[in-house]
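# Results of the structural survey
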Amino acid sequence: MLALFAGIAVGASALLGAAPASAADPPPVGFAYVALGDSEAAGTGLLPAVQQDCLRSLKAYPIIIAPQYGGVASHACAGATTGDASNPAPQPGTAVQQARDAIAAGRLGPATELVTITVGINDISWLSLLVQCSDPVNELTCAGLLPSVLAGVPAIGERVGQLVAMVRGFAPQADVVVGGYPHLFGEITTPCSIGSFQGQPVSVSPALAGLANGGVTAVNRAIAAGAAAAGGIPAPIEAAFEGHGLCDTSGPWVSGLVNGKKTADRGLHLNWPGQRAYAAAILAEL
């Protein structure tokens, strides 16, 4: 079951960008657009993939936004957590380290106009909780784990705020837009099929869907509060995706579970319409 939910929070790292206008004058430090974050920013599972280690796709929302800025320096990567911006030591696999890498490479700086960030849900043991709660036999175990998992949510907002402040310190002219996560399943009253895993059909109960959606809402609120407190711009992703969960009838913007070596990473990630909707929600805040 762990593999079923592993796609909820993964991310990626790509680099596209315009060349300097003049070779005679060194360009100002910073790409116009820099993207940081996890799988939502990576387009994980969507083909064509351009970077296997980070599960990054050419259909990720930063690539959709990029033409308006002449390209994008994307440092997002699979499984990214927020990280501690106050810790000077390297923090592999964190958005803080992504930002530091972008600064060191001269991609994030005074000339940067837009920074997008999608990170946070990997900071808590959310996947383990969903696995426990997916089995009705573990109902008591699930109930016992929930408080400890949700206790870590406020810290997500604090770390997102630190990250935004760090980015704004190096790119003071940039809009720093921070997105959250969509509800995966929508509101249901009967079990909902979400695809198959290893040839076996998988369904989600109303109780598990409610738990997952409620947890996402809590994480989104923490992210938005932390971003706003540090001068960032929260993007209301949850509202933008309303009615487009896996179990909704309006057309899902999230992929169900998919078998096959090339498509397995797609499960429970944004599909192509979802990535376009995410890009539109970011741009609507500018």
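Structure: above.
Here goes a summary of the coordinates provided. Within each chain, residue numbers correspond to sequence positions counted from 1 in written order. Reporting in this predicted model follows two pLDDT cut-offs: at least 70 for local features of residues, and 80 or more for side-chain atom pairs to be given and counted; totals over whole chains, interfaces and linings ignore these cut-offs and use all residues. Note that the side-chain values use all heavy atoms of the structure and ignore hydrogens as well as water.

### What to know about the overall build of the protein chain
- Regarding its fold elements, the protein chain presents 10 helices and 10 strands.
- Burial analysis of the protein chain (286 residues in total) assigns 49% to the buried set.
- Nonlocal contacts in the protein chain, meaning residues at least 24 apart in sequence, comprise 73% of its contacts between residues at least 6 apart.
- Surface accessibility of the protein chain: about 12,100 Å² in total, with carbon and sulfur atoms responsible for 58%. Strands are runs of DSSP state E lasting at least two residues, helices are runs of H or I lasting at least four, and both sets are numbered from the N terminus onward. Accessible area is worked out with a 1.4 Å probe on protein chains only. A residue is then buried under 20% of its type maximum, exposed over 50%, and partly exposed in between. Any pair of residues with heavy atoms lying within 4.5 Å of one another is described as a contacting pair. Surface exposure here means Shrake-Rupley accessible area, sampled with a 1.4 Å probe, where a residue is shielded only by the protein chains that are shown.

### Focus on the pairing of strand β8 (residues 192–197)
- When DSSP finds at least two bridges between two strands, those strands are taken to pair. Where β8 and strand β9 (residues 200–204) come together, four bridges link them in antiparallel fashion. Each residue of the ladder has a partner; that of Ser 196, found in β9, is Pro 201.
- The hairpin formed by β8 and β9 contains two residues between the paired strands, and Gln 198 there has a positive phi angle of roughly 50°.

### Re the packing of helix α4 (residues 95–104) against helix α7 (residues 153–170)
- Every angle, taken between N-to-C directions, lies between 0 and 180 degrees, and every axis is a line fitted to C-alpha atoms, over only the stretch in contact when it is a helix. Where α4 contacts α7, the two axes come as close as 10 Å, and the packing angle between them is 5°. Viewed along their axes, α4 and α7 adopt a mutual orientation that is roughly parallel. On α7, the residues that touch Ala 95, Val 96, Ala 99, Arg 100 and Ile 103 of α4 are Leu 163, Met 166, Val 167 and Phe 170.
- In terms of residue class, the contact of α4 with α7 is built from eight nonpolar, no polar and one charged. Just so you know how the angles are binned, under 35 degrees is roughly parallel, over 145 roughly antiparallel, 65 to 115 roughly perpendicular, and the rest oblique. Basically, the charged four are Asp, Glu, Lys and Arg, the nonpolar ten are Ala, Val, Leu, Ile, Met, Phe, Trp, Tyr, Cys and Pro, and anything else, Gly included, counts as polar.

### Some thoughts on the state of the cysteines
- Cysteine sulfur pairs qualify as disulfides if the two atoms are within 2.5 Å. By the definition in use, this model includes two disulfides.
- Between the sulfur atoms of Cys 54 and its disulfide partner Cys 77 the distance amounts to 1.8 Å. Across the S-S bond of Cys 54 and Cys 77 the torsion is about -85°, and the bridge reads as left-handed. Remark: Cys 77 occurs in the loop between β5 (73–74) and α4 and Cys 54 occurs in the loop between β3 (49–51) and β4 (56–57); sequence separation between them is 23 residues.
- Judged by its relative accessible area of 8%, Cys 54 is buried.

### Observations concerning the pairing of strand β2 (residues 33–37)
- Of all five residues making up β2, five are buried, and the element is well covered by its neighbours.
- Alternating positions in β2 separate into two faces, Tyr 33, Ala 35 and Gly 37 on one and Val 34 and Leu 36 on the other, with burial throughout.
- In terms of strand pairing, β2 meets β5 through two bridges, oriented parallel. Following the sheet pairing, Val 34 is matched in β5 by Ala 73.

### A look at helix α10 (residues 272–283)
- Helix span, expected: 1.5 Å multiplied by one less than the number of residues in the helix. Under the 1.5 Å per step criterion, the end-to-end length of α10 is 17 Å for 12 residues, consistent within 8% with the ideal 16 Å.
- Here α10 has its buried residues at Gly 274, Gln 275, Ala 277, Tyr 278, Ala 279, Ala 281 and Ile 282.
- Residues of α10 that are buried in the fold lie against α2 (39–42), α3 (61–65), β6 (114–118), β7 (175–179), β10 (233–235) and α9 (237–240).
- Identification of polar contacts relies on pairs of N or O atoms within 3.5 Å, with a donor-acceptor requirement for protein atoms, meaning one able to donate a hydrogen and the other able to accept it, and with residues adjacent in sequence counted only if both atoms are side-chain atoms. Structurally, the start of α10 carries an N-cap: the backbone nitrogen of Gly 274 is 2.8 Å from a side-chain oxygen of Asn 271.

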